[in-house]
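Residue-level structural notes
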Amino acid sequence: KVRNSFLYSGFNKQKILNALLNLSSIVDYISILTSNLSKAEISLPQDYITYDLIAGIGALSTLKSNENSFNKLNDFQTKHSDWLFGYLSYDVKNEVEALESNNSNNFPADNMLFFIPEYVLMLKDGALEIQTFNHKKVCDDFIFGFNFEKLKTKDFDCKIKSRDTKESYLEKIKKIKHHIQLG
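First things first, this report covers the structure right here in the doc. Here the structure is a predicted model, which means the values were calculated and not measured.

Moving on to the packing of aromatic side chains. Applying the stated rule across the entire model yields eight aromatic pairs. On the basis of an interplanar angle of 45 degrees and a centroid distance of 6.1 Å, the ring pair of phenylalanine 11 and phenylalanine 148 is categorised as tilted. Here phenylalanine 11 is found in the loop between strand S1 (4-8) and helix H1 (13-23), whereas its partner phenylalanine 148 is found in the loop between helix H4 (136-144) and helix H5 (166-182), with 137 residues between them in sequence. Residue classification places phenylalanine 11 among the buried positions, given a relative accessible area of 13%. Taking relative accessible area as the criterion, phenylalanine 148 reaches 26% and is therefore assigned partly exposed.

What follows is the structure, encoded as structure tokens:
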């Protein structure tokens, strides 16, 4: 199955970013890849900087894995042959190497998560290309339903608490320095 491609004009990067950030509060899967470079700053070949922004929105299919992840990813890509957005967590290294860590995991995440997006947005010089399996009317409704207002931020109370006492921390640093000096 081949994605439909629809072109829209008159979009700028900041407005699309605003719309995508607003959308992120109501969709489960979204990935936004943005170029922070202006044309004047680019020292890379133009082939490497093709779009101002690429985003994947919604999930037609997902892959979450905590073991044998790379084989599963290969099978998933082979089966679907489509766009994939997602991440590899730091802990995926433990599947490749026999490594162990006793560090606390305050942000548990799957070793790998990838999704095939319902919509792929690609912005370049004000032209927005949408790739989707949906029909034009559905895509038009999706785009024209965007909220371009700046995302409203919420105040929240964040209290940072240390895991170690100052003395314990300094003792760890002392041990690290000693280890480095030993070579």
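So much for the structure itself; the text now carries on.
Time to look at the nonpolar core. If you look at soluble globular proteins, the nonpolar side chains tend to sit buried side by side. One finds Leu121, Leu128 and Ile143 to be the most contacted residues of the largest nonpolar core, which totals 20 residues. Among the secondary structure elements, those contributing two or more residues to this core are S1, H1, strand S3 (53-57), strand S7 (119-124), strand S8 (127-132) and H4. Broken down by element, the residue count for this core peaks at five residues, all from H1. Ignoring anything within four residues of it in the chain, the contact list for leucine 121 reads Leu20, Leu53, Ile54, Ala55, Ile57, Leu128, Glu129, Ile130, Phe142 and Phe146.

Our focus in this paragraph is the pairing of S3. Within S3, five of the five residues are buried, which leaves the element mostly enclosed by the surrounding structure. Burial along S3 is two-sided: the face carrying Leu53, Ala55 and Ile57 and the face carrying Ile54 and Gly56 are both buried. As defined by bridge partners, strand S2 (residues 30-34) adjoins S3 across five bridges and the pair is classed as antiparallel. Bridge pairing in S3 links isoleucine 30 to isoleucine 57.

What follows concerns the environment of leucine 17. Along the chain, leucine 17 falls in helix H1. Leucine 17 gets classed as buried once you look at its relative accessible area, which sits at 17%. The sequence separation of leucine 17 and threonine 34 amounts to 17 residues, and the corresponding C-alpha distance is 8.8 Å.

The antiparallel open sheet is built from three strands, whose spatial order is S4-S6-S5. Either end of the sheet is taken by a strand with one partner, and the two such strands are strand S4 (61-65) and strand S5 (85-88). Across the sheet, the mean angle from the axis of one strand to that of its neighbour is 5 degrees, orientation sign disregarded. Of the strand pairs in this sheet, S5 and strand S6 (residues 112-116) are connected by four bridges, and their pairing is antiparallel. Among the inter-strand pairings, phenylalanine 85 is bridged to a residue of S6, identified as phenylalanine 115. Contacts from helix H2 (residues 69-80) reach S4, S5 and S6 within the one sheet, and its direction differs from that of S4 by about 170 degrees.

Scoring rules and cut-offs
Residues numbered from 1 in each chain as written. Predicted model: local features only at pLDDT ≥ 70, side-chain atom pairs only at ≥ 80, totals over all residues. Heavy atoms only, no water. Phe/Tyr/Trp six-rings, centres within 6.5 Å; stacked < 30°, edge-to-face > 60°. Helix = DSSP H or I, 4+ residues; strand = E, 2+ residues; numbered from the N terminus. Buried < 20%, exposed > 50% of the residue type's maximum accessible area, 1.4 Å probe, protein only. Core = buried A, V, L, I, M, F, W, Y, C linked by side-chain atoms within 4.5 Å. Contact = heavy atoms within 4.5 Å. Pairing = 2+ DSSP bridges. Axes fitted to C-alpha atoms, helices over the stretch in contact; angles between N-to-C directions.

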